[in-house]
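The residues making up each chain are set out below.
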Amino acid sequence: MHEREGVPLRIESVQFVCSAATSADLPPDRTPEIAVSGRSNVGKSSLLNSLLGRNDLARVSRTPGKTQLLNFFRVNSRFHLVDLPGYGYARVPEGVIRRWRLTMQEYLRRRRQLVGVIQLVDCRHDPSRQDREMIAWLREERVRFCLVPTKMDKLSQGERRPALARLLAELDLPGDLALVPYSIRTREGRDELLAWLDLVLAPGQVPEAAPRNGPERC
Ligand code: GTP
Ligand code: MG
């Protein structure tokens, strides 16, 4: 992790808040938000459960495309963690992909209470076109993000370093990027990611939250 280190955030309470299909369904309050983003099956829901220390909070599946809504979880009565719908699942019709694009772009652009994104990529594969697109949007919209290569337990010791170096080179990311390799099996990365949460949620980091456009409902 290259950013200034925080202290691992302690998870004291977690509640499911709601699911949103479009921007019109987002929770109306101004609670700071951190979203978990990445392609289908990369391990978003698994990471959310692992991070929050719960087995079954977010639904995990071997079948890609399980999470098709934005699912909001309230943590420590202080912030929301948002499980975003996965992208890049080939069997989803074109119309659904278009809607995903619109919802995500609108969300990243307008959601003032979004203070950070945990961007997942599979450590074993080259980043997809949509991974690159998502990261380009994050940079364009100046959303603070942490890059999390997932499923690190599937790499041998010898494969780790070259795989991470290749990912970084492929994505052409800045040198001061927060990078946290993660495994739900070994819990590698958990404390570092909780420390990153602590950092982005620190007083002064959370903007005066007011919607830029339109009403918000849950
Ligand atoms: P969608 O909801 O379809 O977008 O998928 P998702 O990104 O939420 O993935 P999910 O958490 O459902 O996990 C997909 C599969 O990857 C499941 O079979 C998980 O058990 C597996 N998985 C997730 N994280 C890890 C990990 O760190 N190590 C290993 N070995 N498997 C993992
Ligand atoms: Mg999921």
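So, here is what we can say about the structure in this document. (Residues numbered from 1 in each chain as written. Chains lettered and ligands numbered in written order. Predicted model: local features only at pLDDT ≥ 70, side-chain atom pairs only at ≥ 80, totals over all residues. Heavy atoms only, no water.)

### Looking at the overall build of the protein
Secondary structure summary: the protein contains 5 helices and 7 strands in total. Every one of the 218 residues in the protein was classed for burial, and the buried ones make up 50%. When contacts within the protein are restricted to residue pairs at least 6 apart in sequence, those whose partners lie at least 24 apart make up 79%. For the protein, the exposed surface amounts to about 10900 Å²; the carbon and sulfur share of it is 46%. (Helix = DSSP H or I, 4+ residues; strand = E, 2+ residues; numbered from the N terminus. Buried < 20%, exposed > 50% of the residue type's maximum accessible area, 1.4 Å probe, protein only. Contact = heavy atoms within 4.5 Å. Areas by Shrake-Rupley, 256 points an atom, 1.4 Å probe, with all protein chains shown as cover.)

### Here we look at the pairing of strand S5 (residues 114-122)
In terms of residue burial, S5 counts as a mostly covered element, since 9 of its 9 residues are buried. The sheet contact formed by strand S2 (residues 33-37) and S5 spans 5 bridges and is parallel. Among the inter-strand pairings, Ser37 is bridged to a residue of S5, identified as Gln119. Bridge count between S5 and strand S6 (residues 145-150): 6 bridges; the pairing is parallel. Considered in S6, the bridge of Leu120 is made with Val148. In this fold, S5 hands off to helix H3 (residues 129-140), which returns the chain to S6; that crossover is right-handed. (Pairing = 2+ DSSP bridges. Right-handed = clockwise from strand over helix to strand, strands pointing away.)

### Details of the packing of helix H1 (residues 44-52) against helix H5 (residues 190-200)
Packing of H1 against H5 leaves a shortest axis separation of 10 Å and a crossing angle of 85°. With respect to their mutual orientation, H1 and H5 come out roughly perpendicular. Contact with H1, carried on its side by Leu47, Ser50, Leu51 and Leu52, involves Arg190, Leu193, Leu194 and Leu197 of H5 and no other residues of that element. Partitioned by chemical class, the residues of the contact of H1 with H5 number 6 nonpolar, 1 polar and 1 charged. (Axes fitted to C-alpha atoms, helices over the stretch in contact; angles between N-to-C directions. Parallel < 35°, antiparallel > 145°, perpendicular 65-115°, else oblique. Nonpolar A, V, L, I, M, F, W, Y, C, P; charged D, E, K, R; others polar.)

### Remarks on the pairing of S6
Strand residues, when the strand is regular, have side chains that alternate between the two faces of the sheet. S6 sits mainly inside the fold: 6 of its 6 residues count as buried. Here S6 shows a buried face lined by Phe145, Leu147 and Pro149 and a second buried face lined by Cys146, Val148 and Thr150. Inspection of the sheet shows S6 paired to strand S7 (residues 178-179) by 2 bridges, in the parallel sense. Each bridged residue has a counterpart across the sheet, and for Cys146 the counterpart in S7 is Ala178. Following the chain from S6 across helix H4 (residues 157-171) to the adjacent parallel S7, one finds a crossover that is right-handed.

### Structural notes on the pattern of salt bridges
Following the criterion strictly, the structure yields 8 salt bridges and no others. Between Glu188 and Arg160 there is a salt bridge whose closest N-O contact spans 2.7 Å. Residue Glu188 is located in the loop between S7 and H5, and its partner Arg160 is located in helix H4; the two are separated by 28 residues in the primary sequence. Its relative accessible area of 22% is what places Glu188 among the partly exposed residues. (Salt bridge = Lys/Arg side-chain N within 4 Å of Asp/Glu carboxyl O.)

### Some words on the side chain of Thr31
Following the sequence through the fold, Thr31 ends up in the loop between strand S1 (14-20) and S2. Side chain to side chain, Thr31 and Arg74 meet in a polar contact 3.2 Å long. In this structure Thr31 touches Arg74, Arg78, Phe79, His80 and Gln113, once residues within four positions along its chain are discounted. (Polar contact = N/O pair within 3.5 Å; in protein donor to acceptor, adjacent residues only side chain to side chain.)

### Quick look at H3
Working note: α-helix, 3.6 residues per turn, so residues spaced by three or four point in the same direction. Compared with an ideal rise of 1.5 Å per residue, which puts 12 residues at 16 Å, H3 spans 16 Å between its outermost C-alpha atoms and is within 8% of the ideal. Regarding H3, the residues found buried are Gln130, Asp131, Glu133, Met134, Ile135, Trp137 and Leu138. Looking at the buried side of H3, the elements it contacts are S2, helix H2 (94-110), S5, S6 and H4. Downstream of H3 by one or two residues, Arg142 has phi in the positive range, about 55°. (Expected span 1.5 Å × (residues − 1).)

### Details of the sheet that holds S1
Here 7 strands make up an open sheet; going across it, the order is S1-S3-S4-S2-S5-S6-S7 and the pairing mixed. The open sheet has two edge strands with one neighbour each: S1 and S7. Strands in contact with H3 are S2, S5 and S6; relative to S5, the strand with the most contacts, it is inclined by about 160°. This element, H5, spans S2, strand S4 (79-83), S5, S6 and S7 of the sheet and lies at about 155° to S5.

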